[in-house]
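Spelled out from the first residue to the last, the chains are:
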Amino acid sequence: MWRLRRAAVACEVCQSLVKHSSGTKGNLPLQKLHLVSRSISHSHCPTLKLQRPQVKTSFQQFSSLTNLPLRKLKLSPVKYGYQPRRNFWPARLAARLLRLRYLILGSAVGGGYTAKKTFDQWRDMIPDLSDYKWIIPDIVWEIDEYIDFEKIQKALPNSEDLAKLAPDLDKIVESLSLLKDFFTTGHKLVSEVIEASDLLLLLGSPGETAFRATDHGSESGDKHYRKVSDKEKIDQLQEELLHTQLKYQRILERLEKENKELRKLVLQKDDKGIHHRKLKKSLIDMYSEVLDVLSDYDASYNTQDHLPRVVVVGDQSAGKTSVLEMIAQARIFPRGSGEMMTRSPVKVTLSEGPHHVALFKDSSREFDLTKEEDLAALRHEIELRMRKNVKEGCTVSPETISLNVKGPGLQRMVLVDLPGVINTVTSGMAPDTKETIFSISKAYMQNPNAIILCIQDGSVDAERSIVTDLVSQMDPHGRRTIFVLTKVDLAEKNVASPNRIQQIIEGKLFPMKALGYFAVVTGKGNSSESIEAIREYEEEFFQNSKLLKTSMLKAHQVTTRNLSLAVSDCFWKMVRESVEQQADSFKATRFNLETEWKNNYPRLRELDRNELFEKAKNEILDEVISLSQVTPKHWEEILQQTLWERVSTHVIENIYLPAAQTMNSGTFNTTVDIKLKQWTDKQLPNKAVEVAWETLQEEFSRFMTEPKGKEHDDIFDKLKEAVKEESIKRHKWNDFAEDSLRVIQHNALEDRSISDKQQWDAAIYFMEEALQARLKDTENAIENMIGPDWKKRWMHWKNRTQEQCVHNETKNELEKMLKCNEEHPAYLASDEITTVRKNLESRGVDVDPGLIKDTWHQVYRRHFLKTALHHCNLCRRGFYYYQRHFIDSELECNDVILFWRIQRMLAITANTLRQQLTNTEVRRLEKNVKEVLEDFAEDADKKVKLLTGKRVQLAEDLKKVREIQEKLDAFIEALHQEK
C-alpha cells in the first residue's frame, strides 16, 4: 500500500517535472504520464472517467485505495502550486552546483520507459479472452459509476503536502536517494498491478488461470511486500482486497442471473419458431451421440475409444454425486446415508437450453427439473435402471446409463459418474464388488484423453483415501487430473491445523499430482436442501473462511461455479486436441473392414444384424401367409388320416372287438352306441383338437424349414427355429372349439343310414384296411412270441429260444382247439386251460396258466380278424339286403355300418377342423409370430445369439465404424464453424 502512495506522489512530481522542465512548453497528453497516474483521478482533470480498454482482455482491473493512512516522509517543506510556469529553484540550483540536471531527468525518463515496457510485456502475457466478452456484463466497463474516485482523490495528499516532500539544500543527498529508490522500484509496482489484475480477472473467467499451480501463489506470498514492517497494514490490505473480490463476485453473479434469464427468453423464442426453421443440433449433443455409439461398439481391430469425457471418481460417500448435482444445478441422483447408490456408470451430457429438463437417451419423456415431483420420478427411474442393469448375484454393473440435462446457463460437457471406490466388501454385496468397481474405474481412466475429476472427502483423514492411489496409477504426471476437496466446512471445523487443508489442496499429502486443485462445499448434509440453498451456504462459508483470509486458498480455487467453468474449459480444450486424431483412426479402420468384406463376400450386400433380422422377418411372415394357400382338400386329407391313426386303436380294441364278440346284432348295436357316446363325451373332441394343432405345427414347420433352393440362406435357420418354437409355445387353440366339435361328432355318429352303394363300398374298403392292419400287427406279435418259422431258421440260421418253443407248443395246442370249435368265445374256461396244460405236459412241455392266456389272446385275435375279413367280403353284396331291411343272419353287416359311422365322423371332423384352421387358427398363429418377431427385435441379446457368424460380425463392425466416422466428421465440421 505504501508503494501505491509513493506512486501517487511520484505522479504529481512527474507532472511538475514535465511541465516545468526547461525547453518544454504546454501540457503533455495524459497517456505519457506515469503509469500509475493513469489509474487514478487527477485534480486538474476532475471529469475524467474510465474508458473501455482496447486490449483484448475480459474486463478492466480495479483496486481499492480508500481509508488508508499515508506514510509521512520527513522532507523539507517547499511551496508547491499549479501555476503554468513555476520556479523550482532547489532543483535547478542542485543541477547547476552538482551538474546533476541531466542525471535526474534521464533517470526519470528512463525509469518511466522501463516501467512502461515491462507493463506492455505483462499485458501481452495476459490470455486473449475476447471470445468470452459476452460473459462480462457492461456494468464492469462502467465500474467507475460504482467506485467513488473523488473520494479516493480526496484521500490522497494535496499539493502542499507534496511540496513538503521536495528536498532542501541540507538534505539533497537524501532526496536524490529517494528518487533513485522510486525509479528502481517501478518494475515492482507494475508487477504488483498485474498481480492484482490477475486476482480480479479470476473472478470472471477462471479458464486457463484457474489451473495455475498453488506453488506460484505461495512463492509470491513469500515476496509480498517484504519492506513493510507494519503487519497490520498488510492484513488490512488483504482483507480489503478480499471484500472487493467478494463484492464484484456478487455483482457478477447477479448479472449472470439476469443474463441467464435473457438467454432463456432468447432460447424460448427460438424454440417456439422451430416449425418455421430447422434448428441445428447443439455441439455437445453431437459429441454425446458419438460417445453413445462408441459405447456400443466392440473395440476390435485395434481401434479404441479415446475421446475425452470427464470421469468422476472418488471414495464411497465422498460427495461425487453432490458435486455433479451442483454442476448440473439439480438434485437428479438417488442418494442414501452410507449405502451404495451408484451401481452403474451414469453418463450425463450437460448442454444449454431454454428449459431445465432431463431425458434419457432411449426415452422421449422429459423430466422438468424445476418441479419436485419430476425430480423424484427421475431419481426413481435412475435407480430402477441401475437395478435392472445389475445382473443376479452382482452388486454393480459396467453398463452405462445415458442421461441428457439441459438448462439455461449450464456448462457444456460430458461427465460420467462412476460407482464409489470401496475398501471393504460388506454384507449384502457380491464378493467381487471391490474388484469390479476397480476394473470399471480403470476402464474409463485408461483413456489417455479422459479428464479425471478426483473427489476427496475433506472431513475424513487423507490417509483413508483409496482413490488417490488409483488415480496416481492412471495419471502419474497429473496432466489430466483435477483434484476436488469436498466438505471443506466440516474439514475447517474438525481439523486442528488449518495448514493440513492447504497441504491437501496443494497435493502434498498424496502421491498423486493434479492439473488443478479446488475446494467446494456441497451443503449441510441435508438431502432436502435445494441447489440454490447450497450455493448460498457455500458462498457464505467462503466469505467468512480463514482459508481465504490467510491466503491458504486462492479465490479461483473455491466454489463449484469456478470448478465447473474450469472443467468445461479443460474438457473442450482436450476435445479440440484429440477429436481429429480419433477420426483419422476410424477412417483407417473403415478401410480395413471394407477391404476384408470385398475379399470374403464379394457378391453379398453388407447387411448388419438389424438388417438381417428385418430380412428374416419378412421371409418368416411370407411363410406364415403361405399356410393360408394350402388347399382345403389337402387339409382334410391330412387331418382325417392323422385323426384315424390316433383313434384306430381305441375303435378296434375298445369298441369293435368287445361289441363283435356278442351273440346277436341287438347286443352289438347297443354296446356300440354306449361306447361311442362315452368316447364322444370324454376323449374324441380333445383328441381331434390335438390332432389339428399338431397338423398345423407340422405344416408350419415344413414351410419354415424346407430349403428354398439357391435363395436359401442358412444364416437364418437358427432364428427361424427359435421363432417357430416360441410361436407354437404361445399359441393356444380356441377354447370353444371342443364344445362345438363334440356336438358335431355326436350327431355324425348317431346317423346309421347309408344312402347309396358307393358309401357302402367305401365303408367296406375302410373296414378291410383297418382289419388287415390289425391282423398284420397281430401276426407280427405272434411271430415275435413263437420265434422264426422253419424258413427263416434254415435261410438265416436263426433258432428259437426255450421260451419261444414253449409259446409255439402252446399256440399249436390252442389252434387245434379252435379248429374243433370255430365259434369259440373270446375267453378260455378254466377247465379248457387245465386241458391244454395237461396235453402240453404229456409232451414234456411245462407251462403256467398265464402263458396260456397270453398266447390265447393273440391266437384268438388272429382267428377273429380273419373271420371278420371273410365276413366283410360276404357283405359286399349285402347292401341290397340292408336297403330292403332283409334279415339274414349270415348277412347281418352291423360292423360295416359301424365303420361307416366312424368314417363319416372322421370326414365331418376333418372338415370342421379345416374350417377352424383356415378361418381362425392360422391368423392367430400369424399374430403370434408377429408378436414373437417384435419381441426379438427389441431384444438385442436375442438377436446376437440367433444371428451369428463372421459375416454378421464383420457387417456389424463396418456399419458402426461408418456411423462413428460420419458423426465425428459432422462434429468436427461444427466445431470448426463454432471457432
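One can find the structure itself at the top, above this paragraph.
Let us look at the structure shown here. (Residues numbered from 1 in each chain as written. Predicted model: local features only at pLDDT ≥ 70, side-chain atom pairs only at ≥ 80, totals over all residues. Heavy atoms only, no water.)

Looking only at helices and strands, one finds 35 helices and 9 strands in the protein chain. Expressed as a percentage of the 979 residues in the protein chain, the buried residues total 46%. For the protein chain, long-range pairs separated by at least 24 residues make up 81% of all intrachain contacts whose partners lie at least 6 apart in sequence. For the protein chain, the exposed area adds up to about 53000 Å²; of that, 50% sits on carbon and sulfur atoms. (Helix = DSSP H or I, 4+ residues; strand = E, 2+ residues; numbered from the N terminus. Buried < 20%, exposed > 50% of the residue type's maximum accessible area, 1.4 Å probe, protein only. Contact = heavy atoms within 4.5 Å. Areas by Shrake-Rupley, 256 points an atom, 1.4 Å probe, with all protein chains shown as cover.)

Moving on, we come to the packing of aromatic side chains. In total, this model carries 13 aromatic pairs according to the counting rule given. Considering the side-chain rings of Y287 and F971, the 5.1 Å spacing of their centres and the 45° angle between planes classify their relative orientation as tilted. Residue Y287 is located in helix α11 (residues 283–296), and its partner F971 is located in helix α35 (residues 950–978); the two are separated by 684 residues in the primary sequence. Residue Y287 is classed as buried on the basis of its relative accessible area, which comes to 0%. On the accessibility criterion, F971 (0% relative accessible area) is buried. Between the aromatic rings of F483 and Y517, the centroid separation amounts to 6.0 Å while the plane-to-plane angle is 55°, which identifies the pairing as tilted. With F483 in strand β8 (residues 481–486) and Y517 in strand β9 (residues 516–519), this residue pair connects regions lying 34 residues apart in the sequence. Just as F483 is buried, Y517 falls in that class too. Of note, R385 hangs over the ring of F360, and the distance from its end group to the ring centre comes to 4.0 Å. Sitting over the face of the ring of F703, R702 holds its NZ or CZ atom 4.6 Å from the ring centroid. (Phe/Tyr/Trp six-rings, centres within 6.5 Å; stacked < 30°, edge-to-face > 60°. Lys NZ or Arg CZ within 6 Å of the ring centre and 35° of its normal.)

Relative to the assigned elements, S701 resides in helix α24 (residues 684–705). Not counting chain neighbours up to four residues away, the residues in contact with S701 comprise E706 and K724.

Moving on to the sheet that holds strand β2 (residues 346–351). Taken together, 9 strands build an open sheet; the order of strands is β4-β3-β5-β2-β6-β1-β7-β8-β9 and the sheet is mixed. Strands with a single pairing partner mark the edges of an open sheet, and in this sheet they are β4 (367–368) and β9. Relative to β9, β8 is paired through 4 bridges, and the arrangement is parallel. Counted as the bridge partner of I482 is G516 from β9. Relative to the sheet, helix α12 (residues 320–328) contacts β1 (310–314), β2, β5 (401–406), β6 (413–417), β7 (451–457) and β8, its axis offset from that of β6 by approximately 160°. Each of β1, β7 and β8 is contacted by helix α15 (residues 467–474), which is oriented at about 160° to β7, the strand it contacts most. (Pairing = 2+ DSSP bridges. Axes fitted to C-alpha atoms, helices over the stretch in contact; angles between N-to-C directions.)

This part covers the state of the cysteines. Considering all chains together, one arrives at 1 disulfide under this definition. A disulfide bridge connects C875 with C893, and the sulfur atoms are separated by 2.0 Å. Looking along the S-S bond of the C875-C893 disulfide, the torsion reads about -100°, which is the left-handed sense. You can see C875 sitting in the loop between α31 (849–874) and α32 (879–883) and its partner C893 sitting in the loop between α32 and α33 (894–938), a full 18 residues away along the chain. For C875, a relative accessible area of 0% corresponds to the buried category. Free of any disulfide, C872 has its nearest cysteine sulfur in C875, 6.5 Å distant. (Disulfide = S-S within 2.5 Å.)

This part takes up the pattern of salt bridges. The full count for this structure, using the stated rule, is 40 salt bridges. Close ionic contact of R901 with D673 constitutes a salt bridge, the shortest N to O distance being 3.1 Å. Pair noted here: R901 is in helix α33 and D673 is in helix α23 (residues 665–682), with a separation of 228 residues, a long-range link. A salt bridge links D935 to R730; its shortest N-O distance comes to 2.9 Å. Of this pair, D935 sits in helix α33 while R730 sits in helix α25 (residues 717–730), and the two are 205 residues apart along the sequence. Using a relative accessible area of 35% as the deciding quantity, one classes D935 as partly exposed. Note on R730: relative accessible area 32%, which makes it partly exposed. A cluster of three or more residues bridged by salt bridges with shared partners is formed by R590, E594, E606 and R962. (Salt bridge = Lys/Arg side-chain N within 4 Å of Asp/Glu carboxyl O.)

Attention now moves to helix α18 (residues 531–544). Its 14 residues give α18 an end-to-end C-alpha distance of 20 Å, which sits within 8% of 20 Å, the value for a rise of 1.5 Å per residue. Every buried residue of α18 is listed here: I531, I534, Y537, E538, E539, F541 and F542. (Expected span 1.5 Å × (residues − 1).)

We now examine the pairing of β7. Within β7, 7 of the 7 residues are buried, which leaves the element mostly enclosed by the surrounding structure. By the alternation rule, side chains of β7 split into I451, L453, I455 and D457 and I452, C454 and Q456, which are all buried. Examined bridge by bridge, β1 and β7 share 5 bridges and lie parallel to one another. Bridging across to β7, V313 finds its partner in C454.

This part takes up the nonpolar core. The biggest cluster of nonpolar side chains holds 98 residues, and the ones touching the most others in it are Y656, W679, L696, W760, I902 and V929. Top contributing element to this core by residue count: α33, with 17 residues. Beyond its immediate stretch of four places on either side in the chain, W760 contacts I754, C875, R876, G878, F879, Y882, C893, V896 and I897. Counting 68 residues, the second-largest nonpolar core is a separate cluster that includes V293, L415, V575 and L958. (Core = buried A, V, L, I, M, F, W, Y, C linked by side-chain atoms within 4.5 Å.)

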